[in-house]
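Analysis of the macromolecular model
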Amino acid sequence: MKICIACGMPMNKPADFAMGDESKDYCLYCCNPDGSMHSYEEKLNGLTAFIIRTQGLDEQAACSAAQSMMAKLLAWKDRNNQDA
């Protein structure tokens, strides 16, 4: 089983991978229509909105939580999250 480098989702079957391509390191939810991976800003915005929706945090707290989670993922771990 592979884990998406951009969001951490487990990818168990071909449909879980970007464009169904098991050679990709990111999932279908982190994929643009052309097959490229979402940018840091796109993922941060999406994860922040998801946290607000599912955990009821305010935007600032949700964004901080999202940055903390993303800092642990391979795609973003070397990024300075203060740039976001």
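Anything mentioned here points back to the structure above.
Everything numeric in this text was worked out from a predicted model, so none of it was measured.

Brief notes about the packing of helix 1 (residues 40–55) against helix 2 (residues 59–70)
Following both chains from N to C, one finds helix 1 and helix 2 inclined at 125 degrees, their axes separated by 8 Å at the closest point. Here helix 2 runs oblique to helix 1, going by the angle between their axes. Between helix 1 and helix 2 the crossing geometry is right-handed. On the side of helix 1, the interface is formed by Tyr-40, Lys-43, Leu-44, Leu-47, Thr-48, Ile-51 and Ile-52, while helix 2 contributes Glu-59, Ala-62, Cys-63, Ala-65, Ala-66, Gln-67, Met-69 and Met-70.

What to know about the pattern of salt bridges
All told, the structure shown has 2 salt bridges when counted by the stated rule. Between Asp-25 and Lys-2 there is a salt bridge, with the nearest N and O atoms lying 3.2 Å from each other. With Asp-25 in the loop between strand 2 (10–11) and helix 1 and Lys-2 in strand 1 (residues 2–3), this residue pair connects regions lying 23 residues apart in the sequence. Given a relative accessible area of 37%, Asp-25 falls into the partly exposed group. What makes Lys-2 partly exposed here is its relative accessible area of 30%. Between Lys-13 and Asp-16 there is a salt bridge, with its nearest N and O atoms 3.3 Å apart. Residue Asp-16 is classed as buried on the basis of its relative accessible area of 10%.

About the cut-offs
- Residues numbered from 1 in each chain as written.
- Predicted model: local features only at pLDDT ≥ 70, side-chain atom pairs only at ≥ 80, totals over all residues.
- Heavy atoms only, no water.
- Axes fitted to C-alpha atoms, helices over the stretch in contact; angles between N-to-C directions.
- Helix = DSSP H or I, 4+ residues; strand = E, 2+ residues; numbered from the N terminus.
- Parallel < 35°, antiparallel > 145°, perpendicular 65-115°, else oblique.
- Left-handed = near helix turned anticlockwise from the far one by under 90°.
- Contact = heavy atoms within 4.5 Å.
- Salt bridge = Lys/Arg side-chain N within 4 Å of Asp/Glu carboxyl O.
- Buried < 20%, exposed > 50% of the residue type's maximum accessible area, 1.4 Å probe, protein only.

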